Amino acid sequence: EWVGAFTQISIAIPVLLVGLGIDYAVHLTTRYREERSRGPDPAGAARVAMITVGGALVLATVTTLVGFLTNLASPIPPIGDFGVFTALGVLAAFVVMVLLVPSARNVLDRRAARRDSRPPRNPLGPLTRVMEGTTVLATRLPVTTLLLGIGVTIVSIVVASGLTTEFSQEDFIPEDSEAERLVAVVDDLFGGDVVEETGIVMTGNLFTPAALEAMLATEANLADTPDVRGANGTAQALSPASAILLAAGLAAEDDPAAVAEYAALGLTDTGFAPDADVIGLMMLAAGDAPQEIGSVIATDGSVAAIRVSTSAGEAGAEALAEALTADAAPLADAGVDVVVTSRNLLIAEVSTTLTAAQQRSIAVTLAAALVLLVAYYAVTERRPMLGVVTMIPSLLVVAWTLGTMRLMGLSFNVLTGTVASLAIGIGVPYGIHITHRFTEDLERCSGATEAVRATVGHTGAALAGAALTTAAGFGVLRLASIIPLQQFGAMTAITIVYSLLAAVLVQPSCLVLWHRTGRWLQARRG
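This structure is a prediction, so every number in the text was calculated from the model and none was measured.

Student: It is not clear to me how the side chain of Thr139 should be interpreted in this structure. Could you clarify?
Tutor: One can find Thr139 in helix α4 (residues 125-140). Residue Thr139 is classed as buried on the basis of its relative accessible area, which comes to 12%. A distance of 3.4 Å separates a polar side-chain atom of Thr139 from the backbone oxygen of Val136. Ignoring sequence-local partners within four residues, the contact set of Thr139 consists of Thr449, Val452 and Arg516.

Structure (structure tokens):
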């Protein structure tokens, strides 16, 4: 198999594909209707829409594919799978929309043209006029608009620096459910998960009297350690040493003569004699308490553990591990190697590793998209800086999104980190549509001001229609009963709105400044 099963990370894939599918359809339909309003027949309008918008969609699709396929470099299989799933989905969305939308419009409008020869009305007309009004900032105050966008980005980066990477599986418990009430009862009555257990795993020379005495000393140290369950000043813990003591006690209840057997092998009233026969004691105890002995020492005797009943939860797992390591100092003095482990520690480590891998994937995706766009515009337009300008929405929106997460009290984890991937997946196509249409309008308009007005009026209106529709759809997730889905829906909607603002406000300002700088340089050379 090429990839594994869907995971929590993959939850963003349908979101991204729906957003891109709507984006493709709206842009093709808007351009088709624009051409129809100028008089061409349905077939001619479909052809122009495919040539113009289709070119931008090809570039957007290729850039998105390359960006997400860079996730294959991640050492975490789910991250690589996420890249493959997304790339295949984006390619499928492109093929379906590019073939279906123009064909469907052509067929429908041919039938309509037989009944009414008037060109179809543009449903985005009012939105077009609104978007044209926003170009005042880009054309009259481009520097101010750009500086404002940069300022917001800097503030967002500073705010986002305080993001945590905490993640709790309990967040996936539905609100007001029976499971949530049971968890609350357990927390109130017992101070957390009653089945939580932390292990002090031991390797090395375990079969010496000194090692057994060190185990008993470690258990004594656990008695006053926070988040270690206990009773009557004794920790709820079991080690090979205490398991032998337990087995001896059980054997003595059934047969008083058993006390002499254990004593003969070196068991004393206070512990173990310096010359105790540890192997003999283990074998004898295994017969009297096989379940207890088997739960703390491996069959081949290579590994043993002290099983400690704890209540630290996911949030306190790391602090507890440090405390237990300190409590196990007698074992280290006895030459036994110690590692503290638990399910909560494993979850925390996996979450941290996944989050770090996701951060690297976001950086690599941005870099790959930037290189591809710079190379494309260097070859096709001989204007490599257009590639940098095109990436501006994605670069800004990633920072704005992370800053907003911090202000909303969210953490950057496996799930919320996918929103940053969404910012790239949506922001890059938005930037490409604006730049592609601007270069087209610049050739037939009298200057950059008129070209920006035409670009934002037509392409910006299509972006706004797609963005608002998609954002409203994902905003419905706020009604979900699971908190992470609520957060995911809210942040996705916010990210889409940010991508729209960056594409129709900041990027046009950069395009105007880029055009003015080019003319100034050309004048100096001339």
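Moving on, there is more to tell.
Student: How should the packing of helix α8 (residues 240-254) against helix α10 (residues 278-288) be read in this particular structure?
Tutor: The packing of two helices is summarised by the inter-axis angle and the distance between the axes. Two elements in contact, α8 and α10, have axes whose closest approach is 9 Å; the angle formed by their N-to-C orientations is 55°. One way to sum up the angle between α8 and α10 is to call them oblique. The chirality of how α8 crosses α10 is left-handed. Across the interface between the two elements, Pro240, Ile244, Ala247 and Ala251 from α8 touch Leu281, Met282, Ala285 and Asp288 from α10. Here the contact of α8 with α10 is composed, by residue class, of 7 nonpolar, no polar and 1 charged.

Student: Help me understand the pattern of salt bridges, please; the structure alone is not making it clear to me.
Tutor: Scanning all chains against the criterion turns up 7 salt bridges. Two residues, Glu440 and Arg444, come together in a salt bridge whose shortest N-O distance is 3.9 Å. Taken as a pair, Glu440 and Arg444 lie in helix α16 (residues 417-444) at a separation of 4 residues, close to a single helical turn. The network of salt bridges with common partners includes Arg31, Glu35, Arg437, Glu440, Asp441 and Arg444.

Student: Would you mind going over the environment of Gly335 with me for this structure?
Tutor: The residue Gly335 is located in the loop between α13 (329-333) and β6 (336-342) in this model. A residue is classified by how much of its surface remains accessible, and Gly335, at 46% relative accessible area, is partly exposed.

Student: Looking at this structure, I do not really get unusual backbone geometry. What am I missing?
Tutor: Glycine aside, residues mostly have negative phi, and peptide bonds are mostly found in the trans state. Non-glycine residue Asn232 carries a positive phi angle of around 55°. For Asn232, the location among the structural elements is in the loop between β2 (230-231) and β3 (234-235).

Student: Looking at this structure, I do not really get a negative patch on the surface. What am I missing?
Tutor: A contiguous patch of negative charge, built from Glu253, Asp254, Asp255, Glu261 and Asp288, is present on the exposed surface. Among the secondary structure elements, Glu253 is positioned in helix α8. Judged by its relative accessible area of 64%, Glu253 falls in the exposed class.

Student: What should I look at first to understand the environment of Thr390 in this one?
Tutor: Here Thr390 lies in helix α15 (residues 385-407). Taking the C-alpha atoms as reference points, Thr390 and His433, separated by 43 residues in sequence, lie 8.8 Å from one another. Setting aside chain neighbours within four positions, we find Thr390 in contact with Leu373, Tyr377, Gly431, Ile432, Thr435 and Gln507.

Student: Please clarify how α15 should be interpreted in this entry.
Tutor: Side chains of residues three or four places apart in an α-helix project in the same direction, reflecting 3.6 residues per turn. In a regular helix each residue adds 1.5 Å, so 23 residues correspond to 33 Å; α15 covers 33 Å between its end C-alpha atoms and thus fits that length. At Met391, α15 is deflected by roughly 40°, the largest bend along its length, and proline Pro393 occurs up to four residues later in sequence. Of all the 23 residues making up α15, 18 are buried; the element is thus mostly covered by neighbouring parts of the structure.

Student: For this particular structure, what's the right way to read the sheet that holds strand β5 (residues 303-309)?
Tutor: Two orientations exist for strands paired in a sheet by backbone hydrogen bonds: parallel and antiparallel. Strand order in the open sheet formed by 4 strands is β4-β5-β1-β6, and the pairing between neighbours is antiparallel. Here the strands that pair on one side only, and so sit at the sheet edges, are β4 (237-238) and β6. Bridge analysis of β4 against β5 gives 2 bridges, and the strand direction is antiparallel. Looking at the pairing, Leu238 lines up with Arg307 of β5.

Student: I would appreciate a short explanation of the packing of helix α17 (residues 448-475) against helix α18 (residues 483-525) in the present structure.
Tutor: It is at 9 Å that the axes of α17 and α18 come closest, and there the two elements cross at 175°. In terms of their interaxial angle, α17 and α18 are classed as roughly antiparallel. In this structure, α17 uses Ala448, Val452, Val456, Gly460, Leu463, Ala464, Ala467, Thr470, Ala471, Phe474 and Gly475 to contact α18, whose residues at the interface are Gly489, Thr492, Ala493, Ile496, Val497, Leu500, Ala503, Val504, Pro508, Val512 and His515.

Student: Please explain the pairing of strand β1 (residues 197-204) as it appears in this structure.
Tutor: The two faces of a sheet get side chains in turn, since along a regular strand they alternate between them. Relative to β5, β1 runs antiparallel, the two sharing 7 bridges. In the strand pairing of β5, Gly199 is matched with Arg307. Where β1 lies against β6, 7 bridges are found, and the strand directions are antiparallel. Among the inter-strand pairings, Val201 is bridged to a residue of β6, identified as Val339.

Student: I tried to follow the environment of Gln358 on my own but got confused; where do I start?
Tutor: On the secondary structure map, Gln358 appears in helix α14 (residues 343-380). C-alpha separation for the pair Gln358 and Asn71, spaced 287 residues apart in sequence, amounts to 8.5 Å.

Student: Is there a simple way to explain the side chain of Thr145 in this structure?
Tutor: Mapped onto the elements, Thr145 comes out in helix α5 (residues 142-160). For Thr145, the contacting residues outside a window of four places in its chain are Leu137, Ala138, Leu505 and Ser509.

Student: Looking at this structure, how should I read the packing of aromatic side chains?
Tutor: Each pair of aromatic rings is reported with the distance of its centres and the angle of its planes. Within the structure shown, the criterion is met by 4 aromatic pairs. Centre to centre, the rings of Tyr24 and Phe94 are 6.2 Å apart; their planes meet at 85°, and the pair counts as edge-to-face. In this pair, Tyr24 sits in helix α1 (residues 12-37) while Phe94 sits in helix α3 (residues 77-115), placing the two residues 70 residues apart along the sequence. This pair shows no difference in class: Tyr24 is buried, exactly as Phe94 is. When the centroid spacing of 6.5 Å and the interplanar angle of 70° are considered together, the rings of Phe438 and Trp514 count as edge-to-face. Linking Phe438 in helix α16 with Trp514 in helix α18, this pair joins segments that are 76 residues apart in sequence. Accessibility classification places Phe438 together with Trp514 in one group, the buried group.

What counts and how
- Residues numbered from 1 in each chain as written.
- Predicted model: local features only at pLDDT ≥ 70, side-chain atom pairs only at ≥ 80, totals over all residues.
- Heavy atoms only, no water.
- Helix = DSSP H or I, 4+ residues; strand = E, 2+ residues; numbered from the N terminus.
- Buried < 20%, exposed > 50% of the residue type's maximum accessible area, 1.4 Å probe, protein only.
- Polar contact = N/O pair within 3.5 Å; in protein donor to acceptor, adjacent residues only side chain to side chain.
- Contact = heavy atoms within 4.5 Å.
- Axes fitted to C-alpha atoms, helices over the stretch in contact; angles between N-to-C directions.
- Parallel < 35°, antiparallel > 145°, perpendicular 65-115°, else oblique.
- Left-handed = near helix turned anticlockwise from the far one by under 90°.
- Nonpolar A, V, L, I, M, F, W, Y, C, P; charged D, E, K, R; others polar.
- Salt bridge = Lys/Arg side-chain N within 4 Å of Asp/Glu carboxyl O.
- Patch = residues over 30% accessible without salt bridge, like charges linked within 9 Å, V, L, I, M, F, W, Y side chains within 5 Å.
- Areas by Shrake-Rupley, 256 points an atom, 1.4 Å probe, with all protein chains shown as cover.
- Lys, Arg positive; Asp, Glu negative; His and termini not counted.
- Charge placed at Lys NZ, Arg CZ, Asp CG, Glu CD.
- Expected span 1.5 Å × (residues − 1).
- Bend = angle between axes of the 7 residues up to and from the residue.
- Pairing = 2+ DSSP bridges.
- Phe/Tyr/Trp six-rings, centres within 6.5 Å; stacked < 30°, edge-to-face > 60°.

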